[in-house]
Amino acid sequence: MSAVEYPGAAACPACVATSVTITRAGKQAAHAAEVTVLALPGVHCAGCISTVERGLIARTGVAEARVNLSLKRVRIRHDASVSVEELTDHLSALGYEALPLDMVALSSTETDRIGRELLMRLGVAFFAMMNIMLLSVAVWSGASDATRDMFHLISAAIALPTVIFAGQPFFRSAWASLRNRRLGMDVPISLAIILASSISLYETFNGGDHAYFDAAVMLTFFLLGGRYLDHRTRAVARSAAQELSALEVPRAVRLTAAGEETVAAATLLVGDVVVIRPGGRVPVDGVVLSGESEIDRALLTGESLPVFAGPDARLSAGEVNLTGPLTVRVTAAGRDTSLARMADLVAVAESARNRYTTLADRAARAYSPLVHLLSFGAFGVWMWITGGDVRHAINISAAVLIITCPCALGLAVPAVVTAASGRLFRAGLLIKDGTALERLAEVDCVVFDKTGTLTLGTPEPRDLALQDAADLAVVMALAAGSSHPLAVALARGARAHGIVAETVTDLVEVPGYGVEGIWQGRRVRLGRAAWVGAAPGQDTAAWLQVEGRAPVAFVFDDALRPGAAALIAALNRQGMPIHLLSGDVPGAVRGLADRLGITDWQAEVLPADKAAFVQALVASGRRVLMVGDGLNDTAALAAATVSISPASALDAARVASDIVLTGRDIAPIAEALRVAKKATRRIRENFAISFGYNVIAVPLALVGLATPLMAAVAMSLSSITVTLNALRLK
Amino acid sequence: MNILAVLIPISLSLGAVGLLAFVWTLRHRQYEDPRGDAARILSDDYDEAPAPKRGTD
């Protein structure tokens, strides 16, 4: 398609401008061979753009930086001496969180060819429509004879190439659906466009009164508009979804005879030995060879408490190593890991849900046969009335097709969905699936996961104010020696209470157990219950032991996700039944349920039981919204009518859900339910509006009173009404 | 009526100029970042782009 290709470099004015930039920045373009794209979730204004761009350009080795605010990305051209890590560090020093994106996963959205092609056709159709309308107005206001014929001829010269070029998306999809022996929405559309153009051409050469060139082109324009909106919505959702998966560029440190090397996790083989540093995610299934640490399995099982891992412990891909480095022998890698197998199961469940028929599908299914029937009926009846006047009969059946053509219908759904998903995107929700809004509108009960969904999965010390301040001062000093989440939370909590740390010397972290040191000549320890000689309790706790005194417990709650309380309160107010299913221990689940006012909860639920619970609800006729983040939720997410997961969720969970929360706040879910209900109502209203126009116009067309002017007015009025109605969505 | 012979070509060619301008903006990817373009007008920096052609990067 020559329309979307680019002219030679010399002919491109923008390239000349680029070289000016580079000289202005005083950089050598010749060496700046590398291109890196980073996601910048934090950019939102003109100030951000210039901070980021100037900050990056000022760095040596960077030739060019350009922020795309719509996609929240920056594209950086730099030379090979600058690594991606240096760029992200540089940006975080500027105050912007930056995440490297996987270029391969992004390539398809970087060049949105289909979008630009549609836009091109839309522009051409618009040009043609306006010019033909100009000529048509002259005809309608009384041009006759030779003048009218000439105007029709000029219209034809503009309309025919336009229809052939701009109508291709409809012709192609109509042909495809005909070959599959279906009557899609595009069949009557294509038929109307082709019939209107050819009958008008015939009338033009025979000096007829009526030519429908304006209608044919207007039809193409409005329908292309709907098609483009539809494409935009899906492209934005797809690019954001791809961005989420491109965020995880999985790397692993492999131990070889020559030493350590960093490789892509995908290249690991069974039998390799990898090192997993504290804070790193386990890339493979494997067995620990050496090292001791604690493992956070919250994403896989929903347990909020880290578990101990020493030699011979089995690790699964997706777990997070917390305290000490571990050397692991790979037992399964890539697509064979338990994580990937789980994701495959989800893919199967997904396809079952794709059978959902949208309102638009249902409308089209009823509409297409009716339109054809009417049109052919009109042809037959007029043939009989006029005693075989083919020209007149075809004229009437073309007018029927043009007037009934689902112009408004083609715009009705995309316009509403675009308005709704734009609104929800600003509220922090990303609609991944086009039908998700309609399914969300039907929801009548909600199932939540606990860890990582209603909670953040980060611990928060309970009742710190009731603890002895002297103890806290020691704890704070000890906690500084560890990056374990409990230690970090304790240190942060103590600081918030205005505690000043004691001086503790000889700090040593014992991976998997805790931290110890010397305070005023006595040994002090902060760590697991067993390590300090205490009996482990029900709750998540870290214990402080000062030599010669009884150990003191510091109990933790899981920090609530922002907006969780507001969301549950809002759902309770709406009378929506809420279920809480968690893989965690009963104590922790009961605590959270009481705090939020959830009465129906279950603890220690296995992944399969979660899915079974949701399936049973769906089977009993309920429309279930599942909100979850972990691997243990993925099957349930896929089984539910509609599902939502936070952006922090595991890749597999995000893939399985229809909607992703882009922010930390969970409260927008209540907003999503409200907007979805409204959007569905708007879609129905739009159907009613276009049906209303047809009820008035079709009888006129059937009796042969329709004129091109009437067709044009009905078409543009109905299209504008449905668009305005969609924009009413608040 | 002869005036039409002048007016119609003029109206058509003006329309064609508009269409060509649209095609030009499309080819130079001026619809890639509408939010960014709206924000950049507030910044004092000399903005050299329509985003440079990616092929020569």
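Peer 1: It is not clear to me how the overall build of chain A should be interpreted in this structure. Could you clarify?
Peer 2: Along chain A, the regular secondary structure elements total 25 helices and 26 strands. Residue burial in chain A is summarised as follows: out of 730 residues, 51% are buried. Contacts in chain A between residues at least 24 apart in sequence constitute 69% of all its contacts with a sequence separation of at least 6. Surface exposure of chain A reaches about 31100 Å², of which carbon and sulfur atoms provide 60%.

Peer 1: Can you help me understand the packing of aromatic side chains in this one?
Peer 2: Residues and elements named next belong to chain A. Under the criterion given, the structure shown has five aromatic pairs over all chains. Consider the rings of tyrosine 513 and tryptophan 531, whose centres lie 6.4 Å apart with planes at 35°: the pair is tilted. Taken together, the positions of tyrosine 513 in the loop between strand S17 (505-510) and strand S18 (514-519) and tryptophan 531 in the loop between strand S19 (522-527) and strand S20 (540-546) put the pair 18 residues apart, joining distant regions of the chain. Overall, tryptophan 531 belongs to the buried group, its relative accessible area being 15%. Grouped by ring-pair contacts, the aromatic residues Phe126, Phe221 and Phe222 constitute a single cluster.

Peer 1: What should I look at first to understand a positive patch on the surface in this one?
Peer 2: Residues and elements named next belong to chain A. A cluster of basic residues, Arg182, Arg362, Arg365 and Arg684, forms a positive patch on the protein surface. For arginine 365, the location among the structural elements is in helix H12 (residues 359-386). Given a relative accessible area of 57%, arginine 365 falls into the exposed group.

Peer 1: Sorry, what's going on with the sheet that holds strand S11 (residues 314-315) of chain A here?
Peer 2: Each strand in a sheet pairs with its neighbour through backbone hydrogen bonds, running either in the same direction (parallel) or in the opposite one (antiparallel). Residues and elements named next belong to chain A. One open sheet holds the six strands; their spatial order is S6-S5-S7-S13-S8-S11, and the pairing between them is antiparallel. What marks the edges here is a single partner per strand, and that holds for strand S6 (259-264) and S11. Direction of pairing for strand S5 (residues 251-256) relative to strand S7 (residues 273-276): antiparallel, over a ladder of three bridges. Bridging from a neighbouring strand, leucine 255 pairs with valine 273 of S7.

Peer 1: Can you walk me through the confidence of the model for chain A in this structure?
Peer 2: Atomic detail in the predicted coordinates should be set aside for any region of low pLDDT. Of all residues in chain A, 87% have pLDDT values of 70 or greater, and the mean over the chain is 80. Across residues 1-30 of chain A, confidence stays below pLDDT 50; counting only partners more than four residues off in sequence or on other chains, it has 46 contacts.

Peer 1: Can you help me understand the nonpolar core in this one?
Peer 2: Residue and element names in this part refer to chain A. With 118 residues, the main nonpolar core has Leu440, Phe448, Leu454, Leu625 and Ile666 as its most contacted residues. For this core, the element with the highest residue contribution is helix H5 (residues 113-140), accounting for 13 residues. When residues are assigned to domains, this core turns out to be shared by domain 2 (114-240 + 356-417 + 678-727) and domain 4 (428-456 + 561-677), each giving three or more. In contact with leucine 440, other than residues within four places in its own chain, are Leu625, Val642, Ile659, Ala672, Leu673 and Ala676. If you look at the next biggest cluster of nonpolar residues, it comprises 26 residues, including Leu464, Ala487, Ala494 and Phe554.

Peer 1: In this structure, what is going on with the pattern of salt bridges? I would like to understand it.
Peer 2: Pairing between side chains becomes possible if they bear opposite charge and their charged atoms approach one another. Residues and elements named next belong to chain A. Applying the stated criterion across every chain, the model contains 21 salt bridges over all chains. Arginine 254 is the salt-bridge partner of aspartate 272, the closest N and O atoms lying 3.1 Å from each other. Here aspartate 272, found in the loop between S6 and S7, pairs with arginine 254, found in strand S5; they are 18 residues apart in sequence, far enough to count as distant. We classify aspartate 272 as buried; its relative accessible area is 17%. By relative accessible area, arginine 254 is classed as buried at 17%. With its nearest N and O atoms 3.6 Å apart, the salt bridge here joins aspartate 444 to arginine 622. Here the residue aspartate 444 occupies a position in the loop between helix H15 (436-441) and strand S15 (445-449), and arginine 622 occupies one in the loop between helix H21 (607-619) and strand S24 (624-627), the gap between them amounting to 178 residues. Of the residues examined, arginine 622 reaches a relative accessible area of 30% and is grouped as partly exposed.

About the criteria used
- Residues numbered from 1 in each chain as written.
- Chains lettered and ligands numbered in written order.
- Predicted model: local features only at pLDDT ≥ 70, side-chain atom pairs only at ≥ 80, totals over all residues.
- Heavy atoms only, no water.
- Helix = DSSP H or I, 4+ residues; strand = E, 2+ residues; numbered from the N terminus.
- Buried < 20%, exposed > 50% of the residue type's maximum accessible area, 1.4 Å probe, protein only.
- Contact = heavy atoms within 4.5 Å.
- Areas by Shrake-Rupley, 256 points an atom, 1.4 Å probe, with all protein chains shown as cover.
- Phe/Tyr/Trp six-rings, centres within 6.5 Å; stacked < 30°, edge-to-face > 60°.
- Patch = residues over 30% accessible without salt bridge, like charges linked within 9 Å, V, L, I, M, F, W, Y side chains within 5 Å.
- Salt bridge = Lys/Arg side-chain N within 4 Å of Asp/Glu carboxyl O.
- Lys, Arg positive; Asp, Glu negative; His and termini not counted.
- Charge placed at Lys NZ, Arg CZ, Asp CG, Glu CD.
- Pairing = 2+ DSSP bridges.
- pLDDT = per-residue confidence, 0-100.
- Core = buried A, V, L, I, M, F, W, Y, C linked by side-chain atoms within 4.5 Å.
- Domains from an automatic or database assignment.

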